[in-house]
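# Structure assessment
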Amino acid sequence: MLVAAFLLLFAVLALGTPIFVALSATVMAALGVHTDVPLEIVPQRMWAGIDSFTLMAIPFFLLSAELMRVGGLSERLIALARAMVGFLPGGLAMSGVLACMFFACISGSSPATVAAVGGIMIPGLVKSGYSLRFATGLFTVAGSLGILIPPSITFIIYGAVTGASIGALFLAGVIPGLVIGGLLMGYCAIHSIKAKIPRDPMPGARQFLKAIRESVWCLGLPVVILGGIYGGIFTATEAAAVSVIYAFFVGYFVYGQLRLRDLGPILRNTGLTTAVLLLVIAGASAFSWLLASQEIPQKLAATVLSLSHERWAVLLLFNVILLIAGCFLESASAVVIFMPLMLPIAQQVGIDPIHLGVIFVVNMEIGMVTPPVGLNLMVAKMITNQSFSAVTRSVLPFMVVMLIGLVLITYVPPLSTLLPSLLSRQ
Amino acid sequence: MAVWIDALDRTLARFEDMLLGAAIATGTVLTCTQVVLRYVFSSGIDWSEEVTIYAAVWAAFVGAAAGLRLKSHLIVDALVMWAPPRLSGVLANAGLVVTLLFGCAFAWYSGSLVARTQQLGQLTPALQVPMWIVYLVMPLSGVLLALRALLLLSGRDSAPREPAKT
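Computed from a predicted model, the values in this text were never measured in an experiment. (Residues numbered from 1 in each chain as written. Chains lettered and ligands numbered in written order. Predicted model: local features only at pLDDT ≥ 70, side-chain atom pairs only at ≥ 80, totals over all residues. Heavy atoms only, no water.)

## Describing the interface of chain A and chain B
Each side of the interface is counted separately: chain A has 67 residues, and chain B has 65 residues. For chain A, the biggest contributors to the area lost against chain B are Leu15, Glu40 and Trp47 of chain A; these three give 14% of the whole. Scanning the region where chain A abuts chain B turns up 2 salt bridges. On the surface where chain A and chain B come into contact, there are 6 residue pairs in polar contact (both at pLDDT 80 or more). At the level of secondary structure, the elements contributing two or more residues to the side of chain A that touches chain B comprise α1 (2-14), α2 (19-34), α3 (41-50), α4 (57-70), α7 (110-127), α13 (236-254), α14 (260-293) and α19 (375-384) of chain A. (Contact = heavy atoms within 4.5 Å. Buried area = accessible area lost by both parts, 1.4 Å probe. Salt bridge = Lys/Arg side-chain N within 4 Å of Asp/Glu carboxyl O. Polar contact = N/O pair within 3.5 Å; in protein donor to acceptor, adjacent residues only side chain to side chain. Helix = DSSP H or I, 4+ residues; strand = E, 2+ residues; numbered from the N terminus.)

## Considerations on the nonpolar core
Among the nonpolar cores identified, the biggest contains 202 residues, and Trp47 and Leu125 of chain A together with Phe61 of chain B are the most heavily contacted of them. At 14 residues, the largest contribution of residues to this core is made by α14 of chain A. Excluding residues that lie within four positions of it along the chain, Phe61 of chain B makes contacts with Met46, Trp47, Ile50 and Leu279 of chain A together with Phe106, Val137, Met138 and Ser141 of chain B. If you look at the next biggest cluster of nonpolar residues, it comprises 7 residues, including Ala275 of chain A together with Ala23, Ala55 and Ala59 of chain B. (Core = buried A, V, L, I, M, F, W, Y, C linked by side-chain atoms within 4.5 Å. Buried < 20%, exposed > 50% of the residue type's maximum accessible area, 1.4 Å probe, protein only.)

## Regarding the environment of Val76 of chain B
Within the element layout of this structure, Val76 of chain B appears in the loop between α2 (48-69) and α3 (78-82). Aside from chain neighbours lying at most four places away, what touches Val76 of chain B is Leu13, Ala14, Gly16, Ile19, Phe328 and Val373 of chain A.

## Some remarks on unusual backbone geometry
A cis geometry characterises the amide bond from Pro150 of chain A onward to Pro151 of chain A, with omega recorded as -5 degrees. Within the secondary structure, Pro151 of chain A is located in the loop between α8 (132-142) and α9 (153-162). Despite not being glycine, Gln128 of chain B has its phi angle at roughly 60 degrees, a positive value. Note on placement: Gln128 of chain B falls in the loop between α4 (85-120) and α5 (131-135). Judged by its relative accessible area of 47%, Gln128 of chain B is partly exposed.

## A short note on the packing of aromatic side chains
All told, the structure shown has 19 aromatic pairs over all chains when counted by the stated rule. A centroid spacing of 4.9 Å and a plane angle of 80 degrees characterise the contact between Trp47 of chain A and Tyr135 of chain B, whose relative ring orientation is edge-to-face. Of the two residues, Trp47 of chain A sits in helix α3 while Tyr135 of chain B sits in helix α5, which places them in two different chains. A relative accessible area of 1% places Trp47 of chain A in the buried class. Accessibility expressed as a relative area gives 9% for Tyr135 of chain B, which makes it buried. Taking 5.2 Å as the distance between ring centres and 70 degrees as the angle between the ring planes, the aromatic pair formed by Tyr187 of chain A and Phe398 of chain A counts as edge-to-face. Of the two residues, Tyr187 of chain A is situated in helix α11 (residues 174-194) and Phe398 of chain A in helix α20 (residues 388-411); the sequence distance between them amounts to 211 residues. Here Phe398 of chain A falls in the buried class, since its relative accessible area comes to 1%. (Phe/Tyr/Trp six-rings, centres within 6.5 Å; stacked < 30°, edge-to-face > 60°.)

What follows is the structure, encoded as structure tokens:
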């Protein structure tokens, strides 16, 4: 029955049907044909999958990032990044990576990061002598840091599904985010020295202070979010809602670039993006319920553990599965479908759920830049007007960098677990 | 007939868009008020979480049709993109037929879930509103999704595709 269900799922997906329709229609068909279970279970499981206050952090983080973007955030963060690292070899490309990291501190979404930073910086890099191919690949991949550096929509869904603390997951993403950002910057430096690309002059103190002054309000947002969560002032969801008010205040009163008449469309678009995500989670929840009803998690765990109890081998297996899954699924449905399968095995061999969350997110980052389903590739294709295959080729060298990062993060658990454990000890 | 369909098209679109925006605005205002009340006045609104959740869940289900109209659903478009234009048109229409059928089935079974919940008399935890009223958005969502799939099948295309932001 399961083989038939998966075949049907892929067939319906191939038609270009919305993913949530394909998932829930497959569950209906499988239950209707093979069981006597009343089909009311499908709407019921879909509802239960998204009836969660934790998930409500998603619309709020989307909204605050959008308010900040309209309020002129990207330009300020790019200026700051340029003042900080622009004078180094490969400085412009490095400041692009740094700007993606800053933007990721405000946005929890990878495609949004590619659009916001890449949209402005790709033309700039090309003008300074970088090839279009290098620039496209760099921002398609660096933008994926959006879901690793907190806040992160994928961590929120992971927390909602597994019950792991959102605050701990957010903190766990910080060092891995810096590691991958650092690796990407290193690659930029090597590339530009080889390609003999001129660098920015060293900025004067006044120029530097100006860049900080102009962007300090933007960078206050992550302080409010993380500080609020760790200070025990509010939950992740409340922090997200407060960040909306903060973003509105900064965009409207401080920078004055946000206009009240923009609010309607921004709210509507946020509502639509939220709906799209929640529906995928709802459909995936129904699908995950189908797997659980067939006792797949238990059977899979027994099979895997009969092969090996070694932690490194299980981690390797998880990575391979997630890398392949990431090519075909986007992260929201992947977390809902795969985590109930992987978590019991992880607990058996002693993998920390927080560490597993970070590994999962890094795999999903790679999934976002691999065909056929790669949201970042789609965005990069749109903002650069290149063909899908040209964008895909441009990503390849950076993919190697990401894979190095993945290996480091997988086999050096303290990179992920150090910060959360330091804070929980207090 | 065409005028009538146009009016239906626009009315549905306006209703969906309004609900999407209103749901997000409601949730934001309620959750922030809640934080302020708790820290400044040591009190709170006990139904604020519940309304925030239901507003977003309502937005999600109503957004099913809006996402189809604005082409913002997450989809796997590899095959449709690589196929020759005529075949990809056929595939896309087949996809819409699946969506149409799913919309009808979803409306039917969630409708029967509504009926069963009404018999059980289940209430929401905080507001104590009958749960079946909250569930009503699901059959509505199925009907809206089926209607939108029909409109698209009849050749009414709307916005160009924009990738969603995950």
